[in-house]
Amino acid sequence: MRYTQLGRTGLKVSRLVLGTMNFGPQTDEADSHAIMDAALDAGINFFDTANVYGWGENKGRTEEIIGSWFAQGGGRRDKVVLATKVYGNMGPDGEAWPNHDKLSAVNIRRAVDASLKRLGTDRIDLYQFHHIDRATPFDEIWQAIDVLIQQGKILYAGSSNFPGYKIAQANETAARRGGTIGLVSEQCLYNLAERRAEMEVIPAARDYGLGVIPWSPLHGGLLGGVIKKEAEGGRRASGRAADTLADPVARKRIQAYEDLLEKHGVEPGETALAWLLTRPGVTGPIVGPRTREQLDSALRALELELSEELLASLDEIFPGPGPSPEAFAW
């Protein structure tokens, strides 16, 4: 396993991040525990979750599964850099009572205590804001975070799904307050098929010393050889991948991608992950395996070296937006 610093911090994390969103909804507790054991055995020390995972009436279930895994002992908790998130409505009926969602100081305090209980731990290493809160000023957010850091309940704060200007606003507010480390990471949608983060989000993250943690590195399965799998009678595309393939132009692009990788003798999913590992500013992509086999495939991406020829061909199929502001100014 390869490791890197998380942004400007001294924290060492693996170049692959274990995403746990499927634990509970698609992967039962026993298999989830087995995947976490295998990830740890492979050297993955960075685990990502969120308080809302489990979804619907089972919100919080994923954190509980991680907590029951920690409870097995064997140094599991101390070996893991644990990241979770706050923002979503945790009410089972889908309607939040006032101050039971988003990023008010009162909800942050409530949410972190609830996550700690479900996770069965005394601390969260990286506490991430799952979305921007347009109604809560960053002075209030940082006041709440400072208290949690002083209490030892969290160590670092990160963002998720933030635009570039909010990353700047958050860290400028932290700098004015003094003594507040500010955001140390940004978790964003970023992959070969979705490169808009290169315009502002990733440049802002790099300028402010945030590690970039891409989610959906296979774009909902679209970059995992979906057309070939369909042709062979495998699992059909759903969600974002199915919507994209319904567009003939986009389908042609994905077919060109799969044809290119077949010519080079490499697997699509592994290539998409390996490409992200070459991108400036990226700490490591989040992989969310439903099975042990999917985890093994992700691990192989760490050993995959992409040639300059292949990287150039990938850019031709999936061109990036270019630098900001040139990309939209002229």
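This text goes with the structure placed above it.
Residues numbered from 1 in each chain as written. Predicted model: local features only at pLDDT ≥ 70, side-chain atom pairs only at ≥ 80, totals over all residues. Heavy atoms only, no water.

A. Highlighting the overall build of the protein. Looking only at helices and strands, one finds 14 helices and 10 strands in the protein. Taking 2.2 N^0.38 as the reference for a compact globule, 330 residues should give roughly 20 Å; the C-alpha atoms of the protein span a radius of gyration of 20 Å, in line with that estimate. Dimensions of the protein, computed from C-alpha atoms along their principal axes, come out at roughly 55 × 50 × 40 Å. Counting contacts in the protein only where the partners sit at least 6 residues apart, residues at least 24 apart contribute 77% of the total. Where the 37 positive side-chain charges of the protein centre and where its 44 negative ones centre are 2 Å apart. (Helix = DSSP H or I, 4+ residues; strand = E, 2+ residues; numbered from the N terminus. Rg over C-alpha atoms; globule rule 2.2 N^0.38 Å. Contact = heavy atoms within 4.5 Å. Lys, Arg positive; Asp, Glu negative; His and termini not counted. Charge placed at Lys NZ, Arg CZ, Asp CG, Glu CD.)

B. Molecular detail of the pairing of strand β8 (residues 183-189). Of all 7 residues that make up β8, 6 are buried, and the element is covered over most of its length. The pairing of strand β7 (residues 154-160) with β8 spans 3 bridges and is parallel. Its bridge partner lying in β8, A157 is registered against L183. Of the strand pairs in this sheet, β8 and strand β9 (residues 211-215) are connected by 5 bridges, and their pairing is parallel. Pairing of Q187 across the sheet is with I213, part of β9. (Buried < 20%, exposed > 50% of the residue type's maximum accessible area, 1.4 Å probe, protein only. Pairing = 2+ DSSP bridges.)

C. Looking closely at the pattern of salt bridges. Applying the stated criterion across every chain, the model contains 19 salt bridges. Here R77 makes a salt bridge to D125, at a shortest N to O gap of 3.2 Å. Of this pair, R77 sits in helix α3 (residues 76-79) while D125 is found in strand β6 (residues 124-129), placing the two residues 48 residues apart along the sequence. The exposure class of R77 is buried, given its relative accessible area of 10%. Relative accessible area serves as the criterion here: at 6%, D125 is assigned to the buried category. Across the salt bridge formed by E194 and R196, the nearest N and O atoms sit 2.8 Å from each other. With relative accessibility at 12%, the residue E194 sits in the buried group. Linked through salt bridges whose partners overlap, the residues forming this network are R77, D78, D122, R123 and D125. (Salt bridge = Lys/Arg side-chain N within 4 Å of Asp/Glu carboxyl O.)

D. Spotlight on the side chain of E230. When you line up the elements, E230 lands in helix α8 (residues 226-231). When its relative accessible area of 17% is taken as the criterion, E230 is described as buried. Setting aside residues no more than four positions away along its own chain, E230 makes contact with R236, A237, L245 and R251.

E. Main features of the packing of helix α1 (residues 29-41) against helix α2 (residues 61-70). Where α1 meets α2, the axes come as close as 10 Å, and the angle between the chain directions of the two elements is 60°. Looking at the two axes, α1 sits oblique to α2. As α1 packs across α2, the resulting crossing turns out to be right-handed. Two secondary-structure elements touch here, α1 through E29, S32, H33, M36, D37 and L40 and α2 through R61, I65, I66, S68 and W69. Of the residues contributing to the contact of α1 with α2, the split by class is 5 nonpolar, 3 polar and 3 charged. (Axes fitted to C-alpha atoms, helices over the stretch in contact; angles between N-to-C directions. Parallel < 35°, antiparallel > 145°, perpendicular 65-115°, else oblique. Left-handed = near helix turned anticlockwise from the far one by under 90°. Nonpolar A, V, L, I, M, F, W, Y, C, P; charged D, E, K, R; others polar.)

F. Spotlight on the environment of Q255. Topologically, Q255 is positioned in helix α10 (residues 248-264). Judged by its relative accessible area of 30%, Q255 falls in the partly exposed class. Spatially, the C-alpha atoms of Q255 and G225 are 8.8 Å apart, while their sequence positions differ by 30 residues.

G. The arrangement of unusual backbone geometry in detail. Put simply, S324 and P325 share a cis peptide bond, and its omega is 10°. When you line up the elements, P325 lands in the loop between α13 (308-317) and α14 (326-329). Here W55, not a glycine, exhibits a phi torsion of approximately 65°, which is positive. By the secondary structure assignment, W55 is in the loop between β4 (46-48) and α2. Phi is positive for H219, close to 50°, though the residue is something other than glycine.

So, to be careful, I would describe these as geometric facts and stop short of saying anything about function.
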